[in-house]
Amino acid sequence: MEPFDPAELPELLKLYYRRLFPYAQYYRWLNYGGVTKNYFQHREFSFTLKDDIYIRYQSFSNQSELEKEMQKMNPYKIDIGAVYSHRPSQHNTVKLGAFQAQEKELVFDIDMTDYDDVRRCCSSADICSKCWTLMTMAIRIIDRALKEDFGFKHRLWVYSGRRGVHCWVCDESVRKLSSAVRSGIVEYLSLVKGGQDVKKKVHLSEKLHPFVRKSINIIRKYFEEYALVGQDILENKENWDKILALVPETIHEELQRGFQRLHSSPQRWEYLRKVISTPQNMKNDKCGPWLEWEIMVHYCFPRLDINVSKGINHLLKSPFSVHPKTGRISVPIDFQKVDQFNPFTVPTISAICRELDVVSTNEKDKEEHEAESEIKHRVRDYKKTSLAPYVKVFEQFLENLDKSRKGELLKKSDLQKDF
């Protein structure tokens, strides 16, 4: 992949916002079919400019105004906020207390740094293909629950451009949810609780809630390959002591002895499973199969940033924004191919600008040889670059939103006919 040089960012952003950003699709998304008057006009955008200059409460009348402003400002980062009672750009003219956030997509933010106590390969902003499996599991677990447990249909998963993923739930009914209900949903989806100083962050019992059971079934598919082989969580005493801290002291000695005898994480894991389920140990009520589940959840379960999801006025980085540190585009993830998604092959802004350059040069040569019709030339520029498949994923998402909006309208008109 094209090396990215942050010094080139200002020039690259100019080209990106002028020729590659998918404005039409973007507007089509946030306008939601124009069903609610002023829905797009009352939406807050915020721009982060060069040198961390931060501008909140931007809003735009239409697609062309958004385009002009983005091409004028060339933001390093774009965040999307709520739909307000008034135009955010006029929030200073509204009398105190009247300017209120009214609607927003339900959003989730999952960041790899929240897993630093359980990943061994990397820490802080670094990621690799080994720990990326944590994001794959998180997407699978959260998406299944949103779809099956809550019945939410329109879920857009987006790569953050560096070390995490975001989810935008866009159903009409969801955008209207109160902050309290949003909190309840995140609470339902959270199993790992407690800060740095809390050793045991997961508490389960023999009777599992269906959400927990289904989540563990997803983790199970990845656990051996990810935790026992990739992260090697029982490799040595320093690491297995962390796991002993999660099980009752009555079995520590027995586990220590066994672990020292054995030679690999998979062997030690099998031994642990055997020990916690012997009739002798099961007698004391503290041992049982749930200990195994607690460890799996502790090491693999999604860790959500609760505040991002709770607040209606909370801003979240926009899809197709550029990450200023990595140069990677914040692209939609195709859920059907989530296991194949690789953050290291996501296009950087330097790569797609270079691709556009090459195409433009070739086209110029061609034009000199043959007078091409203007129409032929109007192929959208992003389609000539490696951004194209990601815009296609986004378009498929929009297609489904449109279909379900039309379905709702038909239902309403049928109901009115059935007077």
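Position numbers for residues count from 1 along each chain, tracking the sequence in the order it is written. Thresholds applied to this predicted model are a pLDDT of at least 70 for local features of residues and 80 or more for the giving and counting of side-chain atom pairs; totals over whole chains, interfaces and linings are not thresholded and use all residues. No hydrogens and no water enter the side-chain calculation; it runs on all heavy atoms of the structure.

Asks: What am I meant to see in the packing of helix α8 (residues 237–244) against helix α9 (residues 252–261) here?
Replies: Any two packed helices are characterised by how steeply their axes cross, that is the angle between the axes, and by the distance between the axes. Fitting a line to C-alpha atoms yields each axis, with helices limited to the stretch in contact; the angle taken between N-to-C directions then spans 0 to 180 degrees. In this description a helix means any DSSP run of H or I spanning at least four residues, a strand means any run of E spanning at least two, and both kinds are numbered starting from the N terminus. With their axes 11 Å apart at the nearest point, α8 and α9 run at an angle of 150° to one another. One element, α8, and the other, α9, form an angle in the roughly antiparallel class. When you trace α8 past α9, the crossing you get is right-handed. In this structure, α8 uses Lys237, Trp240, Asp241 and Leu244 to contact α9, whose residues at the interface are His252, Leu255, Gln256, Phe259 and Gln260. A class-by-class count of the residues in the contact of α8 with α9 yields four nonpolar, three polar and two charged. Note that the term roughly parallel is reserved for angles under 35 degrees, roughly antiparallel for angles over 145, roughly perpendicular for angles of 65 to 115, and oblique for everything else. Should the near helix be turned counterclockwise from the far one by less than a right angle, the crossing is left-handed, whereas a clockwise turn marks it as right-handed. Note on contacts: a residue pair qualifies if any of its non-hydrogen atoms lie within 4.5 Å across the two residues. Amino acids outside the nonpolar list (Ala, Val, Leu, Ile, Met, Phe, Trp, Tyr, Cys, Pro) and the charged list (Asp, Glu, Lys, Arg) are all regarded as polar, and Gly is one of them.

Asks: Whenever I open this one, the environment of Glu224 confuses me. Can you help?
Replies: Take Glu224: it is sitting in helix α7 (residues 210–230). For the pair Glu224 and Ser350, spaced 126 residues apart in sequence, the C-alpha to C-alpha distance is 37 Å. In contact with Glu224, not counting residues within four places along its chain, are Val229 and Pro266.

Asks: Explain the side chain of Arg175 to me, please; I cannot follow it from the model alone.
Replies: As for its placement among the helices and strands, Arg175 is situated in helix α5 (residues 172–175). Each residue is assigned to one of three classes by its accessible area relative to the maximum for its type, calculated with a 1.4 Å probe on protein chains only: buried under 20%, partly exposed between the two thresholds, exposed over 50%. Positive charges come from Lys and Arg, negative ones from Asp and Glu, while His and the chain ends are left out of the count. Just to be clear on terms, a salt bridge is a Lys or Arg side-chain nitrogen sitting within 4 Å of an Asp or Glu carboxyl oxygen. For the buried residue Arg175, which engages in no salt bridge, the nearest side chain bearing the opposite charge is Glu103, 4.2 Å off. Not counting residues within four places of it along the chain, the set of residues in contact with Arg175 comprises Tyr32, Tyr39, Gln102, Glu103, Lys104, Glu105, Cys170 and Arg182.

Asks: What exactly am I supposed to notice about α8 here?
Replies: Each full turn of the α-helix corresponds to 3.6 residues, which orients residues three or four apart in the same direction. The complete set of buried residues in α8 reads Asn239, Trp240, Ile243 and Leu244. Here the buried residues of α8 occupy an arc of 150° about the axis, which is enough to place them on one side. Those residues of α8 that are buried lie in contact with α9, α10 (265–276) and α12 (289–300). What the arc describes is the spread of directions from the helix axis to the C-beta atoms.

Asks: What should I look at first to understand unusual backbone geometry in this one?
Replies: If a residue is not glycine, its phi is most likely negative; likewise, a peptide bond is most likely trans. For Asp52, which is not glycine, the phi torsion reads 60° and is therefore positive. With respect to the helices and strands, the residue Asp52 is situated in the loop between β1 (43–49) and β2 (53–58). We classify Asp52 as exposed; its relative accessible area is 67%. Even without being glycine, Ser124 reaches a positive phi, approximately 45°. With respect to the helices and strands, the residue Ser124 is situated in the loop between β5 (106–111) and α4 (129–149). In this structure Ser124 comes out as partly exposed when scored by relative accessible area, which is 40%.

Asks: How do you make sense of the packing of aromatic side chains when you look at a structure like this?
Replies: Aromatic rings considered in pairs are described by the distance between their centres and by the relative angle of their planes. To pair, rings of Phe, Tyr and Trp, with the six-membered ring standing in for Trp, must have centres within 6.5 Å; the planes then decide the type, stacked if under 30 degrees apart, edge-to-face if over 60, and tilted in the middle. All chains considered together, the criterion is met by 29 aromatic pairs. With centroids separated by 5.7 Å and ring planes inclined at 75°, the aromatic side chains of Tyr57 and Phe99 adopt a geometry described as edge-to-face. Here Phe99 lies in the loop between β3 (77–84) and β4 (101–103) and Tyr57 lies in strand β2, a separation of 42 residues in the sequence. Here Tyr57 falls in the partly exposed class, since its relative accessible area comes to 24%. Positioned above the aromatic ring of Phe335, the side-chain terminus of Arg140 is 5.7 Å from the ring centre. Sitting above the plane of the Tyr271 ring, Arg261 keeps its charged end 5.7 Å from the centroid. Charge over a ring is defined by NZ of Lys or CZ of Arg lying within 6 Å of the ring centre and within 35 degrees of the ring normal.

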